[in-house]
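Residue-level listing of the chains:
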Amino acid sequence: MAKIIIPSPLRKFTENQSTVVTNGATVQEAILELSEKHQGLKKHILDGESNIRSFIRIYVGDEDINALEKEATSIADDTIISIVPAIAGGSY
Amino acid sequence: MNTIQINDSAKKVIQEDGIKTFPNECCGFLYGKDGEIRSIDLAIPVINDKEGDQRRRFEISPLDYMKAEKYALENDLDLLGIYHSHPNHPAIASEHDLAKAMPFFSYVIISIRNGEAHEIQSWRLKDSERIFEEEKVFLPQENSVI
């Protein structure tokens, strides 16, 4: 089964698990399944219309899904999906 | 109020990175152990990947972020936060810092004024209200609480 790597700031919503397995066949299915299983995660990853939030990047291996087939990117049993929060800011 | 203890070597890394990068903003990862008092034992600088004015903005690339998570897992550390500098500005979290803040992380800010390191403050997102709460910063060698 494919694995989803949970970033440190969101692990409190997955009982401190750093990885979660998924049955999804696409990135979208995997993320939706994860969000349903771990409700606290949902608001941090998905917007009100269940789209991935703009400040969350999803990687399949080392590839940004935006360079692949976005949420429709298919995943295999050995796929590793990473949820990557945008880290940015500034003084004023 | 949460308390964060930043050990001397991590503090020096943050100060030196802020001075070296001035007048631009520096940034990096903070590792250690979480507990009643969050302990920062290691600070590792990372490239400010922001395109545009780095004097008032920073950004960490997704690939660098993924490497940081991997480093924590491989070294049995917790990735506990991010530091960055505010050149010629106080170490107060801004609306830009808040906009993309994640829960759990400590956002440590150092003020660098005219190339010299000044105060260090730390902020953590209060998730329910989406506001920053200041953390009490404990710097052991100076035996002082800011």
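In case you missed it, the structure is sitting above this.
None of these values were measured; they are calculated from a predicted model.

So, the nonpolar core
- Core analysis: the largest hydrophobic core is formed by 46 residues, its most contacted members being Ile 58 and Ile 83 of chain A together with Phe 29 of chain B.
- Other than its neighbours up to four places away in sequence, Phe 29 of chain B contacts Leu 42, Ala 43, Ile 44, Val 46, Ile 60, Asp 64, Tyr 65, Ala 68, Leu 79, Gly 81, Ile 82 and Tyr 83 of chain B.
- Counting 16 residues, the second largest nonpolar core, distinct from the first, contains Ile 4, Ile 40, Ile 112 and Leu 139 of chain B.

Looking at the interface of chain A and chain B
- Tallying the contact residues gives 26 residues for chain A and 27 residues for chain B.
- Of all residues in chain A, Ile 87, Ser 91 and Tyr 92 of chain A bury the most surface against chain B, accounting for 29% of the area lost on that side.
- Applying the counting rule to chain A against chain B returns two salt bridges.
- At the junction of chain A and chain B, the tally comes to 11 residue pairs in polar contact (both at pLDDT 80 or more).
- Among the elements of the structure, helix H2 (39-45), strand E3 (56-60), strand E5 (80-85) and strand E6 (87-89) of chain A are those that each provide at least two residues to the side of chain A that touches chain B.
- Along the lines of polarity and charge, the residues of the side of chain A that touches chain B split into 13 nonpolar, eight polar and five charged.
- Where E6 of chain A meets strand E4 (residues 58-60) of chain B, three bridges bridge the pair, whose relative direction is antiparallel.

Looking at helix H2 (residues 62-74) of chain B
All names here are of chain B.
- With 13 residues, H2 ought to run about 18 Å at 1.5 Å a step, and its terminal C-alpha atoms sit 18 Å apart, in line with that.
- Inspection of H2 places Pro 62, Asp 64, Tyr 65, Met 66, Ala 68, Glu 69 and Ala 72 among the buried residues, and these make up the whole buried set.
- Asp 76, located one to two residues past H2, shows a positive phi value of around 55 degrees.

Some thoughts on the sheet that holds strand E1 (residues 2-5) of chain A
Residue and element names in this part refer to chain A.
- On the basis of which strands lie adjacent, the open sheet formed by five strands has the order E2-E1-E5-E3-E4 and mixed pairing. With partners counted over all chains shown, the strands left at the sheet margins are strand E2 (19-22) and strand E4 (63-64), one partner each.
- When E1 meets E5, the two strands line up parallel, connected through three bridges. Its bridge partner lying in E5, Ile 4 is registered against Ile 81.
- Across the sheet, helix H1 (residues 27-37) lies against E1, E2, E3 and E5, angled at about 120 degrees from E2, the strand it touches most.

Cut-off values and rules
Residues numbered from 1 in each chain as written. Chains lettered and ligands numbered in written order. Predicted model: local features only at pLDDT ≥ 70, side-chain atom pairs only at ≥ 80, totals over all residues. Heavy atoms only, no water. Core = buried A, V, L, I, M, F, W, Y, C linked by side-chain atoms within 4.5 Å. Buried < 20%, exposed > 50% of the residue type's maximum accessible area, 1.4 Å probe, protein only. Contact = heavy atoms within 4.5 Å. Buried area = accessible area lost by both parts, 1.4 Å probe. Salt bridge = Lys/Arg side-chain N within 4 Å of Asp/Glu carboxyl O. Polar contact = N/O pair within 3.5 Å; in protein donor to acceptor, adjacent residues only side chain to side chain. Helix = DSSP H or I, 4+ residues; strand = E, 2+ residues; numbered from the N terminus. Nonpolar A, V, L, I, M, F, W, Y, C, P; charged D, E, K, R; others polar. Pairing = 2+ DSSP bridges. Expected span 1.5 Å × (residues − 1). Axes fitted to C-alpha atoms, helices over the stretch in contact; angles between N-to-C directions.

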